[in-house]
Amino acid sequence: MEKEALIPMVGQVIDIRQDTPDVKTFRVVGLDGKKLFEHIPGQCAMLSVPGVGEAMFSITSSPTVEEYQEFGIKKVGELTSWLHSMEVGQQVCVRGPYGNGFPVDTEFRGKDLLFIAGGIGLAPIRSVINYCRAHRENYGHLAVVYGSRTKEDLFAYEEITKEWMNEKDMDVYLTIDREEEGWDGHVGFVPTYAEELKFDTSMTAVLCGPPVMIHFTLEGLKRLGFQMDHVYTTLEMRMKCGIGKCGRCNVGDKYVCKDGPVFRFDELGELPPEY
């Protein structure tokens, strides 16, 4: 599996969706029109454009989608700018999957799950949420707390409002940082909102977002009484080579690409200063 994951496959972009002003979701299949590979929620893949560069991105579609994989990509640099200029029908190199993924079929099974995300941080756990929705009988209550700077920065907003909010035994709480015209929902930062909602501490929590959001959300969950062995995160943004050779993803005694990117917080010990 590791050897095969090092060999790039040629993928074809069959759909591009503009999610926010700087985030697009790319739907990719192999040249045979089929899904490139199977994956676990939370795993990542390396996307590359010869002569431009390569980078690791989370797979944002659920493994239960049999026809394709999706990647939600924020425009932040040379490679992502090139990807954002692509059109349907163009090709991109893909290798993977990488990482351990979330324990959806073991530790999460039968549990009430709380997902807390900020900004593009929803992209990596969208796969987990939709996997749980597709296997609804295997999980308890689902709750999602998600926020961004503005309404237009909310990733997958149409899916959230048309599907997630209508899902049985699933609650979705949206927030934006500051008041704006046309928004009648909650206003405030994600960590504060999540703490105010006072979720049951028996829930298993999944966090993903900017480091500052993770830091303050984690502190809030601790104050509520959550145990750190029931709180998970994904650190795929630290991954570089994906195979444990470059050392760029080192966190304490862990390598994100080899030991993660999914971790329980009790496994991480002291996080780096940026978290």
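For the structure itself, consult the block above.
Source: prediction; values computed, not measured.

**Structural notes on the packing of aromatic side chains**
Phase 1 of the analysis: As enumerated under the stated definition, the model contains 4 aromatic pairs in all.
Phase 2 of the analysis: Ring geometry for phenylalanine 108 against tyrosine 232: centres 5.1 Å apart, planes inclined by 85°, an arrangement best described as edge-to-face. Taken together, the residues span a long stretch of sequence, with phenylalanine 108 in the loop between strand S6 (91–98) and strand S7 (113–118) and tyrosine 232 in strand S12 (residues 231–234) at a distance of 124 residues.
Phase 3 of the analysis: Between tyrosine 173 and tyrosine 193, the ring centres sit 6.3 Å apart and the planes meet at 85°, which makes this aromatic pair edge-to-face. Linking tyrosine 173 in strand S9 (residues 170–176) with tyrosine 193 in helix H5 (residues 190–196), this pair joins segments that are 20 residues apart in sequence.
Phase 4 of the analysis: Exposure remark for tyrosine 173: the relative accessible area of 24% places this residue in the partly exposed category.

**Looking at the sheet that holds strand S10 (residues 186–187)**
Phase 1 of the analysis: With mixed pairing, the 7 strands of this open sheet are ordered in space as S10-S9-S8-S7-S11-S12-S15. The outermost strands of the open sheet, each flanked by one partner alone, are S10 and strand S15 (262–264).
Phase 2 of the analysis: By the bridge criterion, 5 bridges tie S7 to strand S11 (residues 204–208) in an arrangement that is parallel. If you follow phenylalanine 115 over to S11, its bridge partner there is valine 206.
Phase 3 of the analysis: Its contacts with the sheet place helix H3 (residues 122–134) against S7, strand S8 (142–148), S9, S11 and S12, and it is angled at close to 155° to S7.
Phase 4 of the analysis: Together, S7, S11 and S12 form the strand contacts of helix H6 (residues 211–224), whose direction differs from that of S11 by roughly 160°.

**Some thoughts on unusual backbone geometry**
Phase 1 of the analysis: Across the junction of glycine 96 and proline 97, the peptide omega takes the value 5°, indicating a cis bond.
Phase 2 of the analysis: Considering the arrangement of structural elements, one finds proline 97 in strand S6.
Phase 3 of the analysis: Unusually for a residue other than glycine, alanine 156 sits at a positive phi of about 55°.
Phase 4 of the analysis: You can see alanine 156 is positioned in the loop between S8 and helix H4 (157–162).
Phase 5 of the analysis: The exposure class of alanine 156 is buried, given its relative accessible area of 3%.
Phase 6 of the analysis: Despite not being glycine, aspartate 169 has its phi angle at roughly 60°, a positive value.
Phase 7 of the analysis: Mapped onto the elements of the fold, aspartate 169 is located in the loop between H4 and S9.

**A closer look at the pairing of S12**
One face of the sheet, then the other: side chains in a regular strand alternate in exactly this way.
Phase 1 of the analysis: Residues of S12 alternate between two faces, with Val231 and Thr233 on one and Tyr232 and Thr234 on the opposite face, all of them buried.
Phase 2 of the analysis: Running through H6, the crossover from S11 to the neighbouring parallel element S12 is right-handed.
Phase 3 of the analysis: Bridging between S12 and S15 involves 3 bridges; their strand directions are antiparallel. Each residue of the ladder has a partner; that of tyrosine 232, found in S15, is arginine 264.

**A few points about the nonpolar core**
Phase 1 of the analysis: Counting residues in hydrophobic clusters, the biggest one holds 32 residues, and the most contacted among them are Phe102, Phe108, Phe115, Leu122, Ile125 and Tyr146.
Phase 2 of the analysis: For this core, the secondary-structure elements that each account for two or more residues are S7, H3, S8, S9 and S11.
Phase 3 of the analysis: Sorting elements by how many residues they give to this core places H3 first, with 7 residues.
Phase 4 of the analysis: Those residues in contact with leucine 122 that sit more than four places away from it in its chain are Ala117, Ile129, Tyr146, Phe155, Ile160 and Trp164.
Phase 5 of the analysis: Core analysis: the second largest hydrophobic core is formed by 24 residues, Leu221, Phe226, Met228 and Phe263 among them.

Reading the values: the criteria
Residues numbered from 1 in each chain as written. Predicted model: local features only at pLDDT ≥ 70, side-chain atom pairs only at ≥ 80, totals over all residues. Heavy atoms only, no water. Phe/Tyr/Trp six-rings, centres within 6.5 Å; stacked < 30°, edge-to-face > 60°. Helix = DSSP H or I, 4+ residues; strand = E, 2+ residues; numbered from the N terminus. Buried < 20%, exposed > 50% of the residue type's maximum accessible area, 1.4 Å probe, protein only. Pairing = 2+ DSSP bridges. Contact = heavy atoms within 4.5 Å. Axes fitted to C-alpha atoms, helices over the stretch in contact; angles between N-to-C directions. Right-handed = clockwise from strand over helix to strand, strands pointing away. Core = buried A, V, L, I, M, F, W, Y, C linked by side-chain atoms within 4.5 Å.

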